[in-house]
Amino acid sequence: MRTRYSEDQQAVAEAFGDLFAREATPETVRAAEAGCGFDPGLWRKLVAAGAPGMAVPVTDGGGGASLVDLAVVVHEWGRRIAPVPLVEHAVCARLLGSAGAQRELVTAVSSGELIATLAPGPVGPDGTARLVPAGAVADVVAAKHGDNVVVARARPPGAARPNTADLPLADRDLSDAETLASGAAAAGAWDRALAEWKALMAVAYAGLAGEVLAMGVAYTKQRHQFGVPVGSFQAVQHGLADASTRSEGARLLAFRAVCAVDAGRADGARLASMALLFGAESGRFATDRVLQYHGGYGYSAEYDVQLYYRRAAGWLLQLGEPAAEVARLADADLGPKAA
């Protein structure tokens, strides 16, 4: 894997970095929280920029970019915790194309005309998928139901289930969903989509951690105690250094996972799980340290660090119980736990 962006990727990072810095400000994030955690104006701007379908093949109406190129955009998305379902939509768009969904549907999703998502958790016996990421705003929901990959199109509820991170989570009824693939084909397509989601969310965590660290460094230079900046205290410096080391390691592992998944390597799913778990841990550590160095202000709604702290806690939980993911990874590497 490359450890640096290519010239084209650097240009993409700068372009989308500018867009998110301008359009996904902390004020925008707070305004979205007053609704269901989604900013339709920002989504329209991303659609105009071609981001939702950039990693979908040209034959399916997308931009034909690689998953690695999409990860460059996702890193900027994570830096600004932008209130739009970029990762879920992009992964679902790729899944619909590979699973053989109707061309009209694939084209509408690739263009961003319809918002799509996937339900990473199990579908209940009654056909309900619980706490679907972006389920409050998605027109299209894909899921694994039994041995089938299914897709349902319906009007989104427009209201989110209450959650710490103010994400657009909602339950969705998939009882009338259309079957796209069955058996081994369904398992392969779904496993790849889930690995893509994990790897891209790991990249988003790396972006979040990097941005909150920059926020912490700036604040500890500004805040004074005993006549000196708090950033001059050795304990504060050690905490920031530890967080920086972890976040940089998480970024490298996340992009390694994206490269492996994009290339279809056998270890792609394993690396994606590792990257997501370590990225979430690194993001939580960084936001915890920075919030602590803000003192009591860190818990105040007026300070931006709490926005990052809550999302660092909430993003991983969209997958389900983190301990279950750790157990799956351990079983795959070491074998099932002895009774």
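Our subject in this report is the structure included herewith. Everything numeric here is computed off the predicted structure, so don't read it as measured data.

1. Looking at the overall build of the protein chain
- A count of helical and extended segments in the protein chain gives 11 helices and 8 strands.
- The globule rule puts the C-alpha radius of gyration for 339 residues at 20 Å, and the 20 Å found for the protein chain is close to it.
- Counting only C-alpha atoms, the protein chain reaches 65 × 50 × 45 Å along its principal axes.
- Buried residues in the protein chain amount to 52% of all 339 residues.
- Of all intrachain contacts in the protein chain linking residues separated by at least 6 positions in sequence, the fraction that spans at least 24 positions is 72%.
- Summed over its atoms, the accessible surface of the protein chain is roughly 14900 Å², and 53% of this surface lies on carbon and sulfur atoms.
- Charge separation in the protein chain, taken as the distance between the mean sites of 31 positive and 37 negative side-chain charges, equals 4 Å.

2. A short note on empty space enclosed by the protein
- Using the criterion set out here, one finds 1 cavity of 30 Å³ or more in the structure.
- Within this model, the largest cavity holds a volume of roughly 200 Å³.
- Ranked by residues supplied to the lining of the largest cavity, first place goes to helix α2 (residues 26-33) with 3 residues.
- Residues that form the lining of the largest cavity fall into these classes: 13 nonpolar, 2 polar and 4 charged.
- Of the domains in this structure, domain 1 (7-182) and domain 2 (188-334) are the two that each give at least three residues to the lining of the largest cavity.

3. What about the packing of aromatic side chains?
- Summed over all chains, the structure comprises 6 aromatic pairs.
- Here Y205 and W315 contribute two aromatic rings whose centre-to-centre distance is 5.3 Å and whose plane-to-plane angle is 70°, an arrangement assigned as edge-to-face. Of this pair, Y205 sits in helix α7 (residues 183-222) while W315 sits in the loop between α10 (305-314) and α11 (322-334), placing them 110 residues apart in sequence.
- By relative accessible area, which is 0% here, Y205 ends up buried.
- Take W315: its relative accessible area is 4%, and that puts it in the buried class.
- The structure contains a cluster of three or more aromatic residues connected by ring pairs, namely W77, Y205 and W315.
- Lying over the aromatic face of F285, R246 brings its terminal NZ or CZ to 3.8 Å of the ring centre.

4. Some thoughts on the pattern of salt bridges
- Applying the stated rule across the entire model yields 21 salt bridges.
- Taking the shortest distance from any N to any O, the salt bridge between E211 and R79 comes out at 3.0 Å. A residue pair is termed long-range when its members are at least 10 positions apart, and E211 in helix α7 and R79 in helix α4 (residues 67-79) qualify at 132 residues.
- A relative accessible area of 23% means that R79 is categorised as partly exposed.
- Close ionic contact of D333 with R270 constitutes a salt bridge, the shortest N to O distance being 2.9 Å. Note that D333 is positioned in helix α11 and R270 in helix α9 (residues 268-293), a separation of 63 residues in sequence.
- Salt bridges sharing partners connect three or more residues here, namely E33, D166, R310 and R311.

5. What about the sheet that holds strand β6 (residues 178-182)?
- Overall, mixed pairing links the 4 strands, which are arranged β1-β3-β4-β6 in an open sheet. With one partner strand each, in any of the chains shown, β1 (116-119) and β6 form the two edges of the open sheet. Along the sheet, successive strands turn relative to each other by an average axial angle of 25°, direction set aside.
- Judged from the 4 bridges that link them, β1 and strand β3 (residues 140-145) form a sheet pairing that is parallel. Bridging from a neighbouring strand, T117 pairs with V141 of β3.
- Strand contacts of helix α5 (residues 86-99): β1, β3, β4 (148-153) and β6, with the helix running at about 85° to β1, the strand carrying the most contacts.
- In the packing of α7 onto the sheet, the strands contacted are β1, β3, β4 and β6, and the crossing angle to β6 comes to about 100°.

Calculation rules
- Residues numbered from 1 in each chain as written.
- Predicted model: local features only at pLDDT ≥ 70, side-chain atom pairs only at ≥ 80, totals over all residues.
- Heavy atoms only, no water.
- Helix = DSSP H or I, 4+ residues; strand = E, 2+ residues; numbered from the N terminus.
- Rg over C-alpha atoms; globule rule 2.2 N^0.38 Å.
- Buried < 20%, exposed > 50% of the residue type's maximum accessible area, 1.4 Å probe, protein only.
- Contact = heavy atoms within 4.5 Å.
- Areas by Shrake-Rupley, 256 points an atom, 1.4 Å probe, with all protein chains shown as cover.
- Lys, Arg positive; Asp, Glu negative; His and termini not counted.
- Charge placed at Lys NZ, Arg CZ, Asp CG, Glu CD.
- 1 Å grid on protein atoms, 1.4 Å probe; cavity = no way out; pocket = protein on both sides within 12 Å on 5 of 7 lines; lining within 4 Å.
- Points joined across faces, edges and corners; volume = space filled by probe spheres on them.
- Nonpolar A, V, L, I, M, F, W, Y, C, P; charged D, E, K, R; others polar.
- Domains from an automatic or database assignment.
- Phe/Tyr/Trp six-rings, centres within 6.5 Å; stacked < 30°, edge-to-face > 60°.
- Lys NZ or Arg CZ within 6 Å of the ring centre and 35° of its normal.
- Salt bridge = Lys/Arg side-chain N within 4 Å of Asp/Glu carboxyl O.
- Pairing = 2+ DSSP bridges.
- Axes fitted to C-alpha atoms, helices over the stretch in contact; angles between N-to-C directions.

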